[in-house]
Amino acid sequence: MNSLTPAEFEELHHALLVAFDDTDLPMLVRFHYPPEVTKIVDWKQPLDAVVTQLLSKLQERGDLEPLIRGMVQARPHKQEVVRFCEAHFQEAFQPRAAGELVTRVTGGLSALIGALTDPGVRLTLGRFQADIRTARDRIRILAAYKVLHDSLHNLEQRLGSIADAPGKFRQDLVAARQLRRVAIDLHREARRASEAANGTPTRDLELSWVQELEQTVADMQAALAANDEAQMTRAVGTFRGLIREATRINGQLCLIAADMKLSVLIEALTAIEKQLPGNGATDGPASRLRAGLAGLKGLQAEFVRRVAEHQEWQWLDRQLGAAESSPESDPAKQVPRWPEVKQRLGRLCDLFPSEEWYVELRGERDRWEQVAAGGDARASTVEADTFRALATNRFFDVDGELNTLCERLNEVAILLDTLLEVLANAHP
C-alpha cells in the first residue's frame, strides 16, 4: 500500500495519533526506514503536524508499507490500528519472509535485463549505472565482512573443544586426533578469511589478524608434531585473543548494512519502470519490475530494522556487561544507568509485543525488580543472571537475523553483476 485516498489518509492519521506518542513514533520510523527518511520530518512540531508531514512525505515516496507494517506489529491490539489494516491493507498482518522478498527482487532484475534490448531503457538505466555499481559493491563488501564474522565465530566454537588440549594431547590419542582435525578446519577458515579480507575497505587491518590466525594454526600443527605442550598452550592463548576481533568486525558489518545504498537502486528501478515494454500487462516486464521494487523496499525495511535493533542491543549489552562484576543484586545498584536501561528496553519491547522474546524479557525484568525489592539477595542474583542470559540470547538472535539477510542479498548482487555487464556490452 503506497497511496491513500483522503479518507484513508485521515483514518491512518488518527490511528497513528492514538497509538504512538512523540517518543514512540520517531523510534517506529527509525526502525523501518533509512536515515534519510527520518530527516524529512520536523519532529519538533506538535504530534498532529508530525503525523501529517510524515504521511505526506511517505506517500510522495510511494513508501507507506513499512510504516503500516511496523504500526500493526507494534500495536497489534489497538482497535484503530487493527480496523485500518483490516479495511485497507490486510497484508500487514502477514510477516514477510526474506526469501520471498529476494525472489521478487531477482525476478524484477531479470525482467529488466531482458528489456535492455530497448534503446530507451538502456539510456535511462545508463544514467544510474554508477549508482547500481555502488549498490552492488556495498553488497559485496557486506558479504566479505560476513565471511570474516563467520570465520571468527567458527574459531570460537572450536576453541571450546580445544581449551583443555594442552594438558591432554600428549597422552590422549583421541585428543591429538581431534586437534589435527581442528587445525585442518581452521586452516580452511583462514584461507576463506584471507580471500574475504581483500574485498573490504579495511583490507590491511583484516589481513593482519588473518595472517596471525594462519601462523597460529601452523604453530598448533608444529606443537602436535613435536609433542610440545608449551607451544600448544601459546597457540590456544593466541586463538583466544583473535576472537576479540569479532566485536570490531561485527561493528563494520553493521556500519555497511546501515548504508547499503539500496535507496539509489530503488530510485533507478523506479525511473525505468514506466519505460518497460508491456507496461499494462499483468505478467509483463513492468509488472515484474514493480514486484521487484516492492521486494527491494521490503528488504531495505528488514535491513533497517535489524541494524536499528542491533544498535540498541549493543548499547544495552554494554550496560549489562558493566554490571557483571558488581556484588550488588538490586538492578538499580548493579546496572549503571538502570532507569535508562529499563526505559530503552521497554520501548524496544513495545515495538515487537507479539514476539516471544518480548514476553520473556519484559517479564524477567519486572521479576528481578520485584525480587530485589523483597530483599532476598540470593534470589535476586538468580533473576539477574536469568535476565542477562535472555538479553544476551536476543542480541545473538538479532546478529544471526542480520547475517542471514546479508547472505540472501548475495543473490541480488549476482544479478546486478549481470545487469551491469549486459549494459556495458550493449550496442548504442
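Structural data are supplied above this passage.
Participant: Describe the overall build of the chain, and please don't skip the residues or the numbers.
Facilitator: Counting its regular elements, the chain contains 19 helices and 0 strands. C-alpha extents for the chain along the principal axes are approximately 75 × 70 × 30 Å. Counting across all 428 residues of the chain, residues that qualify as buried make up 47%. Considering only contacts in the chain between residues 6 or more positions apart, those separated by 24 or more positions represent 75%. Surface summary for the chain: the accessible area is close to 20,000 Å², and the carbon and sulfur share equals 50%. Averaging the locations of the 52 positively and 63 negatively charged side chains of the chain gives two centres separated by 3 Å.

Participant: Which residues make up the pattern of salt bridges, and what values do they have?
Facilitator: A complete count under the given rule lists 35 salt bridges for this structure. With a shortest N-O distance of 2.6 Å, D150 and K146 are connected by a salt bridge. Residue D150 and its partner K146 are located together in helix α9 (residues 129-162), separated by 4 residues, close to a single helical turn. Of the residues examined, D150 reaches a relative accessible area of 22% and is grouped as partly exposed. Residues R388 and D385 are paired through a salt bridge, measuring 2.8 Å at the closest nitrogen-oxygen approach. Of this pair, R388 and D385 both sit in helix α19 (residues 377-425), 3 residues apart, which is roughly one turn of that helix. Take R388: its relative accessible area is 13%, and that puts it in the buried class. Via salt bridges that share partners, E65, R69, R96, E302, R305, R306, E309, E355, R394 and E401 belong to a single interconnected network.

Participant: Pulling in residues and values, what's your account of the packing of helix α5 (residues 65-74) against helix α6 (residues 79-88)?
Facilitator: As a packed pair, α5 and α6 sit with axes 9 Å apart at the nearest point and diverge in direction by 135°. By the angle class used here, α5 and α6 are oblique. Between α5 and α6 lies a crossing of left-handed hand. Across the interface between the two elements, I68, M71 and V72 from α5 touch V81, F84 and C85 from α6. For the contact of α5 with α6, the class distribution of residues is 6 nonpolar, no polar and no charged.

Participant: Which residues make up unusual backbone geometry, and what values go with them?
Facilitator: Note: most peptide bonds trans; most residues except glycine with negative phi. At N227, a position not held by glycine, the phi torsion is positive, near 60°. Along the chain, the position of N227 falls in the loop between α11 (203-226) and α12 (229-243). With phi around 60°, R337 is a residue other than glycine that occupies positive phi space. Overall, R337 belongs to the partly exposed group, its relative accessible area being 47%.

Participant: Explain the nonpolar core to me, using residue names and the numbers behind them.
Facilitator: Among the nonpolar cores identified, the biggest contains 76 residues, and I132, L148, W209, M220, F239 and L419 are the most heavily contacted of them. The biggest single contributor to this core is α9, with 12 residues. With near-sequence residues (within four places) excluded, L148 lies in contact with A193, A196, A197, T200, E206, W209, V210 and I249. L16, L54, F387 and V398 belong to the second-largest nonpolar core, a separate cluster that totals 54 residues.

Participant: Can you explain the packing of aromatic side chains? Please cite residues and give values.
Facilitator: Enumeration over the complete set of coordinates arrives at 6 aromatic pairs. Plain terms: the ring middles of W313 and W357 are 6.2 Å apart, the flat faces sit at 70° to each other, and that makes the pair edge-to-face. Residue W313 is found in helix α15 (residues 285-322), and its partner W357 is found in helix α18 (residues 356-373); the two are separated by 44 residues along the sequence. With a centroid separation of 5.4 Å and an interplanar angle of 65°, the aromatic rings of W338 and W368 are classed as edge-to-face. Within this pair, whereas W338 is found in helix α17 (residues 338-351), its partner W368 is found in helix α18, the two being separated by 30 residues in sequence. Judged by its relative accessible area of 4%, W338 is buried.

Rules used in this analysis
Residues numbered from 1 in each chain as written. Predicted model: local features only at pLDDT ≥ 70, side-chain atom pairs only at ≥ 80, totals over all residues. Heavy atoms only, no water. Helix = DSSP H or I, 4+ residues; strand = E, 2+ residues; numbered from the N terminus. Buried < 20%, exposed > 50% of the residue type's maximum accessible area, 1.4 Å probe, protein only. Contact = heavy atoms within 4.5 Å. Areas by Shrake-Rupley, 256 points an atom, 1.4 Å probe, with all protein chains shown as cover. Lys, Arg positive; Asp, Glu negative; His and termini not counted. Charge placed at Lys NZ, Arg CZ, Asp CG, Glu CD. Salt bridge = Lys/Arg side-chain N within 4 Å of Asp/Glu carboxyl O. Axes fitted to C-alpha atoms, helices over the stretch in contact; angles between N-to-C directions. Parallel < 35°, antiparallel > 145°, perpendicular 65-115°, else oblique. Left-handed = near helix turned anticlockwise from the far one by under 90°. Nonpolar A, V, L, I, M, F, W, Y, C, P; charged D, E, K, R; others polar. Core = buried A, V, L, I, M, F, W, Y, C linked by side-chain atoms within 4.5 Å. Phe/Tyr/Trp six-rings, centres within 6.5 Å; stacked < 30°, edge-to-face > 60°.

That's the geometry; what it means functionally is another story.
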